[in-house]
Amino acid sequence: MNTDLHVIFGTGAIGLATFDALRRRGRTVRMVNRSGKAPVPQDVEVVAGDAADPVFAARAAQGAAVVYQTMNPPYHQWSAQFPALQAGVLAAAEAEGARLVSMENVYMYGRPDGRTLTEDRENNAHTKKGQLRARMAEELLSAHRAGRVEIAIGRASDYFGPRGGAQSNLGDRVFPAALAGKTSTVLGDRNQPHTYTYIPDIGEGLAVLGEHSDAPGEIWHLPNDPQTRSTQELVDTIYRQAGRHRTKVRAVPPFFLRAMAITSPVVRELLEMQYQFEEPFIVDSSKITTRLGVTATTLNQAIAETLTSYSNTSQPHTERARS
């Protein structure tokens, strides 16, 4: 086993943020996706294949000290694809004796019901995607308890940042509009406090979970700004930093989402998750800050860096220097 080799399954926003964090540490990184192509420097190995195939997954992870699961199938295909993808990566990590760091969200907790979400919160999901994530998390933790493989789980709330794309509520529907002085669009009640996690902080947190001796066997909320703001407040800040004197934003009405869901399987999946925006949705990440020393990027810096990334989307990928 190469003690310096880190293998990342998934080359979306989270996989690439994890890559950036590992490269800053001087690690050797192998990326894995279906196409064999990724916006990374030419000296980085990118392997093509289906992680749900355990034979391929084992070959892709060969020699790894740490394996990272950052894959995210299409929203409407989670039930069909996600369990097999995780099973393939889990088996590969076990075969290599590698630590497995798994990227998760907070769907398994269900409704906040007026409580801040912490890592000791019970799983009480009322949605099919939340129940699926709960089963997948338990599969990993059971493997750790059985001594089969070291597991560290990182969980993030809704994310924003460079490469956030259309999947981010504060992504393609907000930042380009702010830069152009046009009207942006968000989902849910924009006046409710809602935790958003900055994508580079997710990558940094996952990298720490891959190297810290205290990380395995536990769930860690990846670092968030400790002051939770409403979506409206965040959008106001985005427009202000973009040099706009007035925020132009509208929320998609629930009835419009329901109408779109008739013909769109992706929108149908979005509907069941709208509870997250109906009340304060606050995710506490003090555990990873206190115990592992990982802190969130300040909001102003995170928004400034995201605006810059959207201004430079035509430029090739370069490694981000963390200040």
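Computed from a predicted structure; not experimentally measured.

Before going further, it helps to examine the pairing of strand S6 (residues 151-155). For S6, the tally of buried residues reaches five of five residues, placing the bulk of the element in the interior. Along S6, one buried face is formed by Ile151, Ile153 and Arg155 and the opposite face, lined by Ala152 and Gly154, is buried too. Where strand S5 (residues 99-104) meets S6, five bridges bridge the pair, whose relative direction is parallel. Note that in S6 the partner of Leu100 across the bridge is Ile151. Viewed along the sheet, the connection from S5 through helix H4 (residues 128-145) into S6 turns out right-handed. Taken together, the three bridges between S6 and strand S10 (residues 219-221) define a ladder with parallel strand orientation. Within S10, the residue paired with Gly154 across the bridge is Trp220.

The tally for this structure, following the rule as stated, stands at five aromatic pairs. With a centroid separation of 5.3 Å and an interplanar angle of 65 degrees, the aromatic rings of Trp78 and Phe82 are classed as edge-to-face. Taken as a pair, Trp78 and Phe82 lie in helix H3 (residues 78-96) at a separation of four residues, close to a single helical turn. The class for Trp78 is buried, based on a relative accessible area of 3%. Using a relative accessible area of 1% as the deciding quantity, one classes Phe82 as buried. The interplanar angle of 40 degrees and the centroid separation of 5.4 Å between the aromatic rings of Phe160 and Tyr198 together place this pair among those described as tilted. Of this pair, Phe160 sits in strand S7 (residues 158-160) while Tyr198 sits in strand S9 (residues 196-198); the two residues are 38 residues apart in sequence, bridging distant segments of the chain.

Further remarks concern the packing of H3 against H4. Two elements in contact, H3 and H4, have axes separated by 11 Å at closest approach and are oriented at 10 degrees. When the interaxial angle is binned, H3 and H4 end up roughly parallel. Between H3, through Trp78, Ser79, Phe82, Pro83, Gln86, Ala87 and Leu90, and H4, the contact on the second element is made entirely by Lys129, Leu132, Arg133, Met136, Glu139, Leu140 and Ala143. Of the residues assigned to the contact of H3 with H4, the class counts are nine nonpolar, two polar and three charged.

Before going further, it helps to examine the nonpolar core. Residues Phe9, Val67, Val89, Leu90, Leu100, Ile151 and Ile153 are the most contacted members of the largest nonpolar core, which totals 43 residues. Counting only elements with at least two residues in this core, the list comes to strand S1 (5-9), helix H2 (54-60), H3, H4 and S6. Among residues more than four places away in sequence, those in contact with Ile151 are Leu90, Leu100, Leu140, His144, Ala215, Pro216, Gly217 and Glu218. By size, the runner-up hydrophobic cluster in this structure holds 32 residues, among which are Ala17, Met31, Ala65 and Ile199.

As a further point, take the UniProt feature "domain: NAD-dependent epimerase/dehydratase" (unreviewed entry) in the protein chain. Per the UniProt record, "domain: NAD-dependent epimerase/dehydratase" (unreviewed entry) is annotated on residues 10-219. Structurally, residues 10-219 is divided into 36% helix and 17% strand, and its ends, taken at the C-alpha atoms, are 20 Å apart.

Summed over all chains, the structure comprises 20 salt bridges. As a salt-bridge pair, Arg24 and Glu204 come within 3.0 Å of each other at their nearest N and O atoms. Separated by 180 residues along the polypeptide, Arg24 in helix H1 (residues 13-24) and Glu204 in helix H6 (residues 199-211) bring together distant segments of the chain. The partly exposed category is assigned to Arg24, whose relative accessible area is 30%. Judged by relative accessible area, Glu204 falls into the buried class, the value being 14%.

Burial runs high along S1: five of the five residues are buried. Where burial is concerned, the two faces of S1 agree: the one with Leu5, Val7 and Phe9 and the one with His6 and Ile8 are both buried. Here S1 runs beside strand S4 (residues 66-69); their pairing, made up of four bridges, is parallel. Residue His6 lies in a different strand from S4, and its bridge partner there is Val66.

Here we come to H4. In this model, H4 (18 residues) spans 26 Å end to end at C-alpha, consistent with the 26 Å of a helix rising 1.5 Å per residue. Considered for burial, the residues of H4 that qualify are Lys129, Gly130, Leu132, Arg133, Ala134, Met136, Ala137, Leu140, Leu141 and Ala143. Buried-residue contacts for H4 involve H3, S5, S6, S10 and helix H9 (265-271). Once H4 finishes, Gly147 follows within two positions and takes phi at roughly 80 degrees, a positive value.

On to the environment of Ala137, then. Position of Ala137 among the secondary structure elements: in helix H4. With sequence-adjacent residues up to four places away left out, Ala137 is seen in contact with Glu104, Ile153 and Arg155.

Reading guide: rules and limits
Sequence positions are assigned chain by chain, starting from 1 and proceeding in written order. Only residues with pLDDT of 70 or above have their local features reported here, since the model is predicted, and side-chain atom pairs are shown and tallied only from 80 upward, although totals for entire chains, interfaces and linings are computed over all residues. Excluding hydrogens and water, the side-chain figures rest on all heavy atoms present in the structure. Classification of residues uses two cut-offs on accessible area relative to the type maximum, computed with a 1.4 Å probe and protein chains only: under 20% is buried, over 50% is exposed, and between them is partly exposed. Each helix is a run of DSSP H or I of at least 4 residues and each strand a run of E of at least 2, with the numbering of both proceeding from the N terminus. Two strands qualify as a pair provided DSSP detects at least 2 bridges between them. Handedness rule for crossovers: strands pointing away from the viewer, path from the first strand over the helix to the second running clockwise, crossover right-handed. Geometry of aromatic contacts follows a simple scheme: Phe, Tyr and Trp rings, the Trp one being its six-membered ring, pair when their centres are within 6.5 Å, and the pair is stacked under 30 degrees between planes, edge-to-face over 60, tilted otherwise. Inter-axis angles, ranging from 0 to 180 degrees, are taken between N-to-C directions of lines fitted to C-alpha atoms, where helices are fitted over the stretch in contact. Put simply, angles under 35 degrees are roughly parallel, angles over 145 are roughly antiparallel, angles from 65 to 115 are roughly perpendicular, and the rest are oblique. The contact definition used throughout considers only heavy atoms, calling two residues in contact when any of these lie within 4.5 Å. Residues were grouped as follows: Ala, Val, Leu, Ile, Met, Phe, Trp, Tyr, Cys and Pro as nonpolar; Asp, Glu, Lys and Arg as charged; and all remaining residues, including Gly, as polar. Buried Ala, Val, Leu, Ile, Met, Phe, Trp, Tyr and Cys residues form a nonpolar core when they are joined through side-chain atoms within 4.5 Å. UniProt positions are given in the numbering used here, feature names are shortened, and annotations may be inferred rather than shown by experiment. The rule for a salt bridge is simple: a side-chain nitrogen of Lys or Arg has to be within 4 Å of a carboxyl oxygen of Asp or Glu. In this analysis, the expected span of each helix is defined as 1.5 Å times one less than the number of residues it contains.

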